[in-house]
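Each chain, letter by letter, is given below.
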Amino acid sequence: VQPCTHDICPCRIDPYGFERPQDFDSYKEMMNEYVAVLNRRSMRWSKLLQDKPNVEKNLTVKRYVRKGVPKEHRARIWMAASGAQELMEIKPGYYQSLLAMEHDAKLKETIHTDMHRTFPDNILFKTHAEECLQKDLFNVLLAYGHHNQAVGYCQGMNFIAGYLLIITKDEEKSFWLMDALLGRILPDYYSPAMLGLKTDQEVLGELVKTKAPAVGQLMAQYPGIWTLVVSRWFICLYIDILPIETVLRIWDCLFYEGSKVLFRVALTLILHQQTEILRARSLPDVCECFKQMTSGSFTLDCHTFMQVSREGQGYKCTH
Ligand SMILES: *[C@@H]1O[C@H](CO)[C@@H](O)[C@H](O)[C@H]1NC(C)=O
C-alpha cells in the first residue's frame, strides 16, 4: 500500500500515510473546495519562488505562508522560515557527528520504547513498509537527545519528529527543524520543569479572561484545569488533536511567526465553543467540551479556520 497522492480520493490512505478520517464525506466536501484553493496557491508559490535559490523572509512570503504552503514547497519554506536552513549550512556534518558518537544507553532505550507507539497506523512507520521511517525517526531523536542534553528525550517529541520526517523525508532537515522548534520557537516546553509550557498555559488563561470573561470565570472554579485541557494541544502542537491538513497549516505559521500561533489557535477553538463551555456544570463537562471542540466541520475546514484564527472574525467577545 502506498500513500495516495491525490487530495480527494476515496482510497484508504492519505498523502501522508495516515488512514483517512472516518467521516470521509465531510472531508471530501471540504476538500472539493479546498483543492481549488490549493491549486491557486501552488501556482502563486511557484511563481514567487521561481529561480530563487534562497527564500528570504519578507511581507510577501509572510502573507503567502498565512494562506498556506503547498505540499511541494513545505519542507523548503519551513527550513527557510525557521532559520533551520541557515544553521544546517553553518554546521555541515554536525548531524552525522552526533550519530557517530558514543550513545547514552538509557536515552537509546527510552527512545526505542516509543518507536512502536509512534503513529502505529501510519503506513510509513510500519516496519515492513518500503521506505519505513522508523529508523530515521530513531536517529533524529537520538541525535537530538545528545545535541540538547537538558531536554534529552521526552514523550511528544516522537510525534513531532515523525511529522517532520513525513514532510521533509530527510533526517538531517528534520533534526534542524526540531532544533528550531524546541530550542528557539518553543523554549522550555520540553525541559524537565516545562516552565515555558506552564507559562504559556497561564497566558492562555489570561487571554481567555479578557476575550471571554464568562468562560474565564467558569474556568477559574477549577484549579489546574488549563493544564488538564490544553497541555496536550501545546505539547503535541495539535498533532492527533486537529485534522492533519489543519495541523500542517498551523505549523506553516508556527515556523514563520512563532508560538503566538499556538495561542491564536487555542483561543479560536475556545471562543467558537464558548456557549457550550458555559453550559458545563462540572469538571468532566468542561473536559468533554474541550474534547468536542477539536473535531467537526469548523476544524476540518482548515482554510477558513486559519482565517478566523488570524482575524477573530465574528468571534469578538459578545458577552
Ligand atoms: C520576498 O521573498 C521572495 C522569496 O525569496 C521573493 O521572491 C520576493 O521577490 C520578495 N519580495 C519582496 C517584495 O522583496
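Small disclaimer: the values here were computed from a predicted structure and weren't measured.

The rules behind these values
Residues numbered from 1 in each chain as written. Predicted model: local features only at pLDDT ≥ 70, side-chain atom pairs only at ≥ 80, totals over all residues. Heavy atoms only, no water. Helix = DSSP H or I, 4+ residues; strand = E, 2+ residues; numbered from the N terminus. Rg over C-alpha atoms; globule rule 2.2 N^0.38 Å. Areas by Shrake-Rupley, 256 points an atom, 1.4 Å probe, with all protein chains shown as cover. Lys, Arg positive; Asp, Glu negative; His and termini not counted. Charge placed at Lys NZ, Arg CZ, Asp CG, Glu CD. Near = heavy atom within 4 Å. Polar contact = N/O pair within 3.5 Å; in protein donor to acceptor, adjacent residues only side chain to side chain. Nonpolar A, V, L, I, M, F, W, Y, C, P; charged D, E, K, R; others polar. Phe/Tyr/Trp six-rings, centres within 6.5 Å; stacked < 30°, edge-to-face > 60°. Buried < 20%, exposed > 50% of the residue type's maximum accessible area, 1.4 Å probe, protein only. Lys NZ or Arg CZ within 6 Å of the ring centre and 35° of its normal. Salt bridge = Lys/Arg side-chain N within 4 Å of Asp/Glu carboxyl O. Axes fitted to C-alpha atoms, helices over the stretch in contact; angles between N-to-C directions. Parallel < 35°, antiparallel > 145°, perpendicular 65-115°, else oblique. Left-handed = near helix turned anticlockwise from the far one by under 90°. Contact = heavy atoms within 4.5 Å. UniProt positions renumbered as here; feature names shortened; annotations may be inferred. Core = buried A, V, L, I, M, F, W, Y, C linked by side-chain atoms within 4.5 Å. Domains from an automatic or database assignment.

**A few points about the overall build of the protein chain**
Next up, step 1: On a plain count of helices and strands, the protein chain comes out with 18 helices and 0 strands.
Next up, step 2: On C-alpha atoms alone, the protein chain measures out to a radius of gyration of 20 Å, which is about the 20 Å that the 2.2 N^0.38 rule sets for 319 residues.
Next up, step 3: Oriented by its inertia axes, the alpha-carbon framework of the protein chain measures out at about 55 × 45 × 40 Å.
Next up, step 4: Surface exposure of the protein chain reaches about 15,500 Å², of which carbon and sulfur atoms provide 52%.
Next up, step 5: Charge separation in the protein chain, taken as the distance between the mean sites of 37 positive and 37 negative side-chain charges, equals 6 Å.

**Here we look at the site of the ligand**
Next up, step 1: Around the ligand lies a shell formed by Leu48, Lys52, Asn54, Val55, Glu56, Asn58, Thr60 and Val61.
Next up, step 2: In this structure, an oxygen atom belonging to the ligand sits 3.1 Å away from a main-chain N or O atom of Glu56.
Next up, step 3: At 2.4 Å from an oxygen atom of the ligand is found a side-chain nitrogen or oxygen belonging to Asn58.
Next up, step 4: Bound to the protein, the ligand loses 67% of the 360 Å² it would expose on its own.
Next up, step 5: Taken together, the residues of the shell around the ligand break down into 3 nonpolar, 3 polar and 2 charged.

**Topic: the packing of aromatic side chains**
Two measures describe an aromatic ring pair: the distance that separates the ring centres and the angle between the ring planes.
Next up, step 1: Following the criterion strictly, the structure yields 22 aromatic pairs and no others.
Next up, step 2: Ring centres 6.1 Å apart and planes at 40° place the aromatic pair Trp233 and Tyr238 in the tilted group.
Next up, step 3: What makes Trp233 buried here is its relative accessible area of 4%.
Next up, step 4: Overall, Tyr238 belongs to the buried group, its relative accessible area being 0%.
Next up, step 5: Positioned above the aromatic ring of Tyr94 is the side chain of Lys91, whose terminal nitrogen or guanidinium carbon lies 4.5 Å from the ring centre.

**Observations concerning the pattern of salt bridges**
Next up, step 1: As enumerated under the stated definition, the model contains 6 salt bridges in all.
Next up, step 2: With its nearest N and O atoms 2.9 Å apart, the salt bridge here joins Glu257 to Arg66. Of this pair, Glu257 sits in helix H13 (residues 244-257) while Arg66 sits in helix H2 (residues 59-66), and the two are 191 residues apart along the sequence.
Next up, step 3: By relative accessible area, which is 13% here, Glu257 ends up buried.
Next up, step 4: Between Arg74 and Asp252 there is a salt bridge whose closest N-O contact spans 2.9 Å. Placement of Arg74 in helix H3 (residues 71-82) and of Asp252 in helix H13 is noted, with a sequence separation of 178 residues between them. Taken as a pair, Arg74 and Asp252 share a single burial class, namely buried.
Next up, step 5: Several salt bridges share partner residues, and in doing so they unite Arg66, Glu257 and Arg264 into one network.

**Some words on unusual backbone geometry**
Residues other than glycine predominantly adopt negative phi, and peptide bonds predominantly adopt the trans conformation.
Next up, step 1: Unusually for a residue other than glycine, Lys169 sits at a positive phi of about 55°.
Next up, step 2: Mapping Lys169 onto the fold places it in the loop between helix H8 (157-168) and helix H9 (171-185).
Next up, step 3: Even without being a glycine, Met194 presents a positive backbone phi close to 50°.
Next up, step 4: Within the secondary structure, Met194 is located in the loop between H9 and helix H10 (195-211).
Next up, step 5: For Met194, a relative accessible area of 23% corresponds to the partly exposed category.

**A few points about the packing of helix H12 (residues 225-235) against helix H14 (residues 260-272)**
Next up, step 1: Between H12 and H14, whose axes approach to 11 Å, the crossing angle comes to 130°. Looking at the two axes, H12 sits oblique to H14. For the pair H12 and H14, the sense of crossing is right-handed. Contact residues: H12 offers Trp226, Trp233 and Phe234, while H14 offers Leu262, Phe263, Ala266, Leu269 and Ile270.

**Topic: the UniProt feature "domain: Rab-GAP TBC" (unreviewed entry) in the protein chain**
Next up, step 1: The feature "domain: Rab-GAP TBC" (unreviewed entry), as given by UniProt, occupies residues 68-258 in the numbering adopted here.
Next up, step 2: The distance separating the terminal C-alpha atoms of residues 68-258 is 15 Å; by composition the span is 67% helix and 0% strand.

**Remarks on the nonpolar core**
Next up, step 1: Ranked by internal contacts, the top residues of the largest apolar core, which has 92 residues, are Trp233, Tyr238, Trp251 and Phe290.
Next up, step 2: Both domains that furnish three or more residues to this core are identified here as domain 1 (24-185) and domain 2 (195-311).
Next up, step 3: Apart from the residues within four sequence positions on either side, Trp233 is in contact with Tyr238, Ile241, Ala266, Leu269, Ile270, Phe290, Met293 and Thr294.
Next up, step 4: With 10 residues, the next largest nonpolar core counts Trp45, Leu49, Val55 and Tyr64 among its residues.

**A look at the environment of Gln307**
Next up, step 1: The topology assignment puts Gln307 in helix H18 (residues 302-311).
Next up, step 2: On the accessibility criterion, Gln307 (29% relative accessible area) is partly exposed.
Next up, step 3: When the C-alpha positions of Gln307 and Ala84 are compared, they lie 26 Å apart, and in sequence the two are 223 residues distant.

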